[in-house]
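These are the residues of each chain, in order.
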Amino acid sequence: MRINSRRRSAAVAGGLGLVLALTACMPGDDEGTEGGGGGEAAGSEECEPFEQYGDLGGTTVSVYTSIVEPESVDQEESYDLFEQCTGATIQYEGSREFEAQLLVRIQAGNAPDIAYIPQPGLLQTIVRDNPDAMVPAPDETEANVDEFFAPSWKEYGTVDGEFYAAPLGANMKSFVWYSPQMFADAGYEIPETWDDMIALSDQIVADGGKPWCAGIESGDATGWPATDFVEDVVLRSAGEDVYDQWVSHEIPFNDPQIVEALDEVAGILKNPDYVNAGFGDVTTIATTPWTDGGFPILEGECWMHRAANFYQNQWPEGTEVAEDGDVFAFYLPSMTEGTQPVLGGGEFVAAFDDRPEVQAFQTYLSSDHWANEKAKMTEAGGWVSANSGLDVENLATDFDKLSSTILASPDAVIRFDASDLMPGAVGAGTFWTEMVNFFALDKSSQEVADAIEASWPAS
Amino acid sequence: MDYLREYFSWLFGEIGDFLTNATTTPHKLTLMVVVILLFVLVMGGILFAVDKPKRVPRWAVTAGFVGPAILAVLFGLVYPAIQTMITSTQNRNGTEFVGIDNYITAFTNPQFQVVLRNTALWVILVPIVSTFIGLVYAVLVDRTRFERLAKTLIFLPMAISMVGASIIWRFVYEFRPAERPQIGLLNQLLVLLGLDSQQFTLNPPTNTFFLIAVMVWIQTGFAMTVLSAAIKAIPDDIVEAARLDGLSGARMFRYITVPSIRPALVVVLTTIAMGTLKVFDIVRTMTGGNYQTSVIANEFYTQSFRINEQGLGAALAVILFVLVIPLVVYNIRQMRLAEEIR
């Protein structure tokens with residue numbers, strides 16, 4: 001799956017309620033600086049890049065997203081300069097029920113101006129089901145995307161040859177979290193190949209430890225972290241061409257190569273010697289919240305936890321994420337020499353109106369200018385972009401720099417999260433639930449693949 | 001129809017915008033005047049109608065009282081119900097007519113068969129168990145010294161929302177390996193007894209029973225209250241006569257108490273059954289419908305909104321609707337019977 005604050009926050013909703021209440025009480029400070037006429041509030045030098053958008057004073061652009069507190073704070077701050085210089089107001093609304101509510105709003109004729117859609121599959125569904133709702137991206141946005149993004153990213157925002165949505169943030173999912181201190185004390189090396197990683201796991205078992213910990217519980221989206229693991233393995237064991245065929249259903253879901261990948265996952269996550277360090281037996285993977293999945297690393301009970309770059313935000317407060325800190329992540333090694341498959345994700349900026357201020361904002365978000373602005377506003381780290389105009393030095397943490405470097409590496413073969421590309425019945429349905437059954441009911445790889453294939457929509 | 005819908009959504013959009021989005025001062029003032037005028041108009045109309053009762057024909061009065069309710073029911077209930085039935089015969093996004101394909105899927109796909117089985121378990125177990133416990137409890141505490149306290153205790157869960165109750169019970173069922181400090185009450189008890197801790201919400205099919213326990217916990221209070229009132233309403237002379245005839249204890253309960261409160265029992269059973277058919281919150285909060293615990297209402301939401309299979313979702317809603325109808329009919333008939341007896 002993808003970065004989704006809704007899910008993360010859903011798991012900690014109790015504690016977050018307080019935070020929400022607190023932040024809801026103090027919206028004042030950035031309101032004060034904005035809302036003036038065109039270009040009077042900020043310095044003229046800062047505003048120079050905004051001249052191309054013209055004076056948008058008095059206009060409002062509504063933005064609807066799945067990015068909620070705390071991430072939304074940085075997100076909104078990154079629009080301040082745009083608001084000050086152009087005079088437009090950005091009306092930001094984050095929702096934990098984004099995916100369901102966006103469709104409802106579109107069907108009710110009440111679509112937002114702009115929505116950040118994290119699943120290209122959903123983007124396609126919207127365009128095909130509601131032909132008049134979404135507006136193709138303006139030429140300026142397209143020019144930005146051509147300049148700053150790899151062609152595959154543009155492809156994900158394109159439906160039936162028409163370019164609609166530019167990428168916003170990105171995430172990099174092929175990471176394994178570990179404790180540098182524990183590795184150093186035990187004399188373990190960071191594995192360079194898949195076989196090294198398995199050998200290391202066996203070594204840890206031989207030394208009396210349990211190497212892996214995992215958790216895939218995520219409310220009504222339970223199962224998605226396991227789909228990421230499977231996708232990462234398919235990308236490594238079968239290669240990116242098979243991956244593409246798998247996503248587009250040119251080969252069935254229960255193709256032997258996919259079943260093989262599931263077996264490979266089972267070899268790690270369903271191996272009672274390997275898991276579930278700190279939580280219990282294999283079935284606890286299904287009930288452990290994904291937000292807590294890596295915590296046993298901090299207690300020295302678990303050695304490795306495969307999770308995306310945004311897991312960085314899940315570590316308890318005070319955890320130092322650094323190569324010499326409490327936790328850090330290494331790249332999930334590839335299975336063949338000389339390739340660097342990367343599983344990624346991200347949001348896409350779709351517009352439902354073509355007023356000038358909407359198009360201006362769309363264009364701004366696709367620019368290198370915004371990417372750097374956002375990087376500067378994300379003081380605590382936890383955000384990267386696939387925008388090649390992003391200056392890595394602007395990123396807050398070493399870890400974000402690592403993520404960004406891997407995403408931008410010329411060797412990287414980046415593929416988008418498969419479950420976000422597949423039809424909803426699979427990608428947000430049976431793929432999740434069958435992965436839960438994979439662990440909870442000990443269904444075999446073949447049974448899981450067969451069940452998902454059976455649920456693939458006919459048309 | 002589409003044109004009408006568009007027109008209404010535009011009209012309501014404009015009006016709603018005017019009524020809720022007052023940002024400038026003149027707009028706010030105009031809005032104030034409009035609202036005052038509306039108030040004067042409505043109040044004036046009412047006062048006028050009250051003052052001149054003879055001038056208003058009977059049909060107008062009837063229409064005035066019943067009309068709004070009928071309109072609301074038509075718009076809010078009948079229209080969506082028909083729309084849902086139509087949607088249920090269409091494909092994922094309503095572009096194609098598929099006949100009864102969605103219903104066939106709902107009844108033949110193993111995934112949905114589990115859902116139907118669970119719903120059946122819920123509808124059978126929750127009313128029977130909670131009514132039984134409620135009845136026995138009501139009889140046991142009836143006319144004892146601590147009746148009020150005992151009743152309050154069992155009634156308390158009624159005051160907790162389904163979601164709240166589910167979160168409480170999630171903590172009760174919370175799992176940790178036996179060798180670790182426990183968070184869950186139930187597993188702590190097991191560990192104290194020297195047993196292994198259990199994954200209560202994970203292992204089917206028993207996990208459904210643990211979810212059902214939550215609903216029973218909530219509904220027992222309702223059953224107890226209604227039945228207790230019914231028991232108190234049994235005329236003293238009947239009880240007296242029975243006692244003179246030598247009835248007591250279990251036989252009194254079997255031959256006097258239960259037959260006397262039969263209408264109340266039926267109403268309680270059917271009311272709880274209807275509530276149970278619609279259960280959604282408990283399943284969604286505790287397991288999210290995972291681990292084979294899903295029920296129709298939860299699956300309907302998942303299909304319609306998360307997976308965006310609107311035809312299938314609508315079909316599930318219609319199945320739920322059809323299942324509720326006999327219960328509602330029976331419930332209403334029993335209530336009428338009870339009223340006639342009174």
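Residues numbered from 1 in each chain as written. Chains lettered and ligands numbered in written order. Predicted model: local features only at pLDDT ≥ 70, side-chain atom pairs only at ≥ 80, totals over all residues.

Going by this rule: UniProt positions are given in the numbering used here, feature names are shortened, and annotations may be inferred rather than shown by experiment.
As recorded in an unreviewed UniProt entry, chain B goes by the name ABC transporter permease, listed as coming from Cellulomonas carbonis T26. In its Subcellular location (unreviewed entry) section, UniProt records this for chain B: "Cell membrane". UniProt, in the comment section headed Sequence similarities (unreviewed entry), describes chain B in these words: "Belongs to the binding-protein-dependent transport system permease family."

As recorded in an unreviewed UniProt entry, chain A goes by Sugar ABC transporter substrate-binding protein and comes from Cellulomonas carbonis T26. One UniProt comment on chain A, placed under Sequence similarities (unreviewed entry), says "Belongs to the bacterial solute-binding protein 1 family."

### A short note on the overall build of chain B
Rules: Helix numbering and strand numbering both begin at the N terminus, where a helix is a DSSP run of H or I of at least 4 residues and a strand a DSSP run of E of at least 2. As defined in this context, the radius of gyration uses C-alpha atoms, and a globule is described by 2.2 Å times the residue total to the power 0.38. To sort residues by exposure, count the other C-beta atoms lying within 10 Å of each residue's C-beta; 20 or more gives buried, 12 or fewer gives exposed, and values between give partly exposed, all with C-beta atoms placed from the backbone.
When you go through chain B residue by residue, the secondary structure sums to 15 helices and zero strands. The C-alpha atoms of chain B give 27 Å as radius of gyration, which overshoots the globular expectation for 342 residues (20 Å, by more than 25%). Across its three principal directions, the C-alpha atoms of chain B cover 70 × 55 × 50 Å. For chain B, with 342 residues in total, the buried portion stands at 30%.

### Notes on the interface of chain A and chain B
Short version of the rule: Contact between two residues is assigned when their C-beta atoms, built from the backbone, lie within 7 Å.
Taken together, the contact pairs 22 residues of chain A with 19 residues of chain B. At the level of secondary structure, the elements contributing two or more residues to the side of chain A that touches chain B comprise helix H7 (98–107), helix H8 (120–129), helix H16 (284–287) and helix H21 (424–440) of chain A. The element best represented in the side of chain A that touches chain B is H21(A), accounting for seven residues.

### Describing the environment of Pro180(A)
Residues and elements named next belong to chain A. Residue position: proline 180 is located in helix H11 (residues 180–186). Remark: the alpha-carbon pair of proline 180 and valine 436, spanning 256 residues in sequence, is separated by 31 Å. Not counting chain neighbours up to four residues away, the residues in contact with proline 180 comprise Glu323, Asp324, Gly325 and Phe328.

### Topic: the UniProt feature "transmembrane region" (unreviewed entry) in chain B
Summarizing the sequence annotation, UniProt attributes the feature "transmembrane region" (unreviewed entry) to residues 29–50, 59–82, 120–141, 153–172, 209–231, 252–277 and 312–332 of chain B in the numbering used throughout. Secondary structure across residues 153–172 of chain B comprises 70% helix and 0% strand; the distance between its end C-alpha atoms is 18 Å.

### Concerning the confidence of the model for chain A
Predicted coordinates in regions of low pLDDT should not be interpreted in detail. Residue and element names in this part refer to chain A. Cut-off, in case you're wondering: Known as pLDDT, the predictor's per-residue confidence is scaled from 0 to 100.
In this model, chain A carries a mean pLDDT of 85, and residues with pLDDT of at least 70 account for 90%. Mean pLDDT values for the elements of chain A range from 40 in helix H3 (residues 28–31) up to 94 in strand E7 (residues 175–178). Confidence drops under a pLDDT of 50 for residues 1–41, and excluding neighbours within four residues, the segment shows 69 contacts in the predicted structure.

### Observations concerning the domain arrangement of chain A
Residues and elements named next belong to chain A. The condition that has to hold: Domain start and stop points were drawn from an automatic or database domain assignment. Each residue receives one of three labels: charged for Asp, Glu, Lys and Arg, nonpolar for Ala, Val, Leu, Ile, Met, Phe, Trp, Tyr, Cys and Pro, and polar for the others, Gly being one of them.
Examined at the domain level, chain A breaks down into domain 1 (5–171 + 345–412) and domain 2 (175–343 + 416–455). The straight-line distance from the C-alpha centre of domain 1 to that of domain 2 is 29 Å. The partner domain 2 presents 27 residues to the 25 residues of domain 1 that form the contact. When residues of the side of domain 1 that touches domain 2 are traced back to their parent elements, those giving at least two are helix H1 (5–11), H8 and helix H19 (398–408). Broken down by element, the side of domain 1 that touches domain 2 gets its largest block of residues, five residues, from H19. In terms of residue class, the side of domain 1 that touches domain 2 is made up of eleven nonpolar, ten polar and four charged.

### Some thoughts on the confidence of the model for chain B
Per-chain confidence: chain B averages 86 in pLDDT, with 92% of residues scoring 70 or above. Across the predicted assembly, pTM comes out at 0.78 and ipTM at 0.74.

### Points about the sheet that holds E7(A)
Remark on secondary structure: sheet strands pair via backbone hydrogen bonds, oriented parallel or antiparallel. Residue and element names in this part refer to chain A. We apply this condition: A pair of strands is treated as paired once DSSP finds two or more bridges between them. Angles here are taken between N-to-C directions and fall from 0 to 180 degrees, while the axes themselves are lines fitted to C-alpha atoms, restricted in helices to the stretch in contact.
Taken in spatial order, the four strands line up as E8-E9-E7-E10 in an open sheet, and their pairing is mixed. Sheet topology places strand E8 (210–212) and strand E10 (328–331) at the edges, where each strand pairs with a single neighbour. Pairs of neighbouring strands in the sheet enclose a mean axial angle of 25 degrees, with direction left out of account. The pairing of E7 with E10 spans four bridges and is antiparallel. Residue phenylalanine 175 lies in a different strand from E10, and its bridge partner there is tyrosine 331.

### Re the UniProt feature "domain: ABC transmembrane type-1" (unreviewed entry) in chain B
Listed under "domain: ABC transmembrane type-1" (unreviewed entry) in the UniProt record, and renumbered for this structure, are residues 116–333 of chain B. As annotated, residues 116–333 of chain B comprises 73% helix and 0% strand, and the C-alpha atoms at either end are separated by 27 Å.

### Focus on the packing of helix H5 (residues 110–141) of chain B against helix H12 (residues 262–277) of chain B
All names here are of chain B. The following threshold applies: These descriptions rest on fixed angle ranges, namely under 35 degrees for roughly parallel, over 145 for roughly antiparallel, 65 to 115 for roughly perpendicular, and the rest for oblique. For any pair of crossing helices, the crossing counts as left-handed if the nearer helix is rotated counterclockwise from the farther one by less than a right angle, and right-handed if it is rotated clockwise.
Relative to each other, H5 and H12 sit at 140 degrees, their axes nearing to 9 Å. Relative to H12, the element H5 is oriented oblique. Crossing of H5 against H12: the hand is right-handed. In this structure, H5 uses Trp122, Val123, Val126, Pro127, Ser130 and Thr131 to contact H12, whose residues at the interface are Leu265, Val268, Leu269, Ile272, Ala273, Thr276 and Leu277.

### A look at the domain arrangement of chain B
The figure often quoted for interface size is the accessible area lost as the parts come together. Residue and element names in this part refer to chain B. Here the domain parsing of chain B yields domain 1 (2–101) and domain 2 (104–341). Placing the centre of domain 1 and that of domain 2 at their C-alpha centroids yields a distance of 37 Å. With twelve residues of domain 1 in contact, the opposing surface of domain 2 contributes ten residues. Take the side of domain 1 that touches domain 2: its biggest share by element is three residues, from helix H3 (residues 58–87). For the side of domain 1 that touches domain 2, the class distribution of residues is three nonpolar, seven polar and two charged.

### Here we look at the pairing of strand E11 (residues 340–351) of chain A
Side-chain positions along a regular strand alternate between the two faces of the sheet. Residues and elements named next belong to chain A. Of all twelve residues in E11, eleven are buried, a share of seventy percent or more. Where strand E3 (residues 114–117) and E11 come together, four bridges link them in antiparallel fashion. Paired with tyrosine 116 across the strands is valine 349, a residue of E11. As paired elements, strand E6 (residues 166–172) and E11 share five bridges and run antiparallel to each other. Its bridge partner lying in E11, asparagine 171 is registered against glycine 345. With five bridges joining them, E11 and strand E12 (residues 412–416) adopt parallel strand pairing.

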